[in-house]
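Next come the chains, spelled out residue by residue.
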Amino acid sequence: MSDTAPETGTETAPETVPEELAPEREQEQECDPAAAAPLDVPRAPTGDAEVDALLDRLADADHLATDGHVEVYEDVHRGLRDALTALDARPGPPVPTGRPTGVPQ
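Residues numbered from 1 in each chain as written. Predicted model: local features only at pLDDT ≥ 70, side-chain atom pairs only at ≥ 80, totals over all residues. Heavy atoms only, no water.

(A) Local environment of the overall build of the protein. If you tally the helices and strands in the protein, you get three helices and zero strands. Tracing the protein from N to C terminus, the helices and strands come up as α-α-α. Looking at the protein residue by residue over its 105 residues, the buried ones come to 10%. Counting every atom, the protein has about 9,500 Å² of accessible surface; 56% of that belongs to carbon and sulfur. (Helix = DSSP H or I, 4+ residues; strand = E, 2+ residues; numbered from the N terminus. Buried < 20%, exposed > 50% of the residue type's maximum accessible area, 1.4 Å probe, protein only. Areas by Shrake-Rupley, 256 points an atom, 1.4 Å probe, with all protein chains shown as cover.)

(B) Region of the structure containing the packing of helix H2 (residues 49–57) against helix H3 (residues 69–89). For the pair H2 and H3, the least separation of the axes is 9 Å and the interaxial angle reads 170°. Classified by the interaxial angle, the pair formed by H2 and H3 is roughly antiparallel. Relative to H3, the crossing made by H2 is left-handed. Where H2 abuts H3, its residues Glu50, Val51, Leu54, Leu55 and Arg57 lie against Val72, Asp75, Val76, Gly79, Leu80 and Ala83. By residue class, the composition of the contact of H2 with H3 is seven nonpolar, one polar and three charged. (Axes fitted to C-alpha atoms, helices over the stretch in contact; angles between N-to-C directions. Parallel < 35°, antiparallel > 145°, perpendicular 65-115°, else oblique. Left-handed = near helix turned anticlockwise from the far one by under 90°. Contact = heavy atoms within 4.5 Å. Nonpolar A, V, L, I, M, F, W, Y, C, P; charged D, E, K, R; others polar.)

(C) Seen up close, H3. Over its 21 residues, H3 runs 30 Å from end to end, which matches the ideal 30 Å to within 8%, given 1.5 Å per residue. Residues of H3 that are buried: His69, Val72, Val76, Gly79 and Ala83. For H3, the angular spread of buried residues about the axis comes to 110°, placing them on one side. For H3, exposure combined with an orientation more than 90 degrees from the buried face picks out Glu71, His77, Asp88 and Ala89. Of the surrounding secondary structure, the elements contacted by the buried residues of H3 are H2. (Expected span 1.5 Å × (residues − 1). Arc of directions from axis to C-beta.)

(D) Spatial organisation of the environment of histidine 63. Position of histidine 63 relative to the elements: it lies in the loop between H2 and H3. Considered as a pair, histidine 63 and proline 38 are 25 residues apart in the sequence and their alpha carbons are 6.6 Å apart.

(E) Spatial organisation of H2. Burial in H2 covers these residues: Val51, Asp52 and Leu54. Take H2 and look down its axis: the buried residues cluster within an arc of 160°, on one side only. One side-chain oxygen at the N-terminal end of H2 lies 2.9 Å from the backbone nitrogen of glutamate 50; it belongs to aspartate 48. (Polar contact = N/O pair within 3.5 Å; in protein donor to acceptor, adjacent residues only side chain to side chain.)

Here's what the structure looks like:
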């Protein structure tokens, strides 16, 4: 036994399961409501590459436990909010000044 404490954040080797118990182990994981499971929510493309990339990022949450979803959702929300803010900052068409040409006086 070692006198040093294990480092935090280090990964442990995955638990090995005898082959005859593997299907039973898989069934346990399928029944675990806290286990990560994809939501399989279809995402239709919006036509805006930046927004589509952000929406695709939501799939990252499918592989995380529930407590890890917040970080992904906040990141996507921040990106979508920034994309909407950028729409307000874009210059619109030029505003005509003076009298339009071709209009009688």
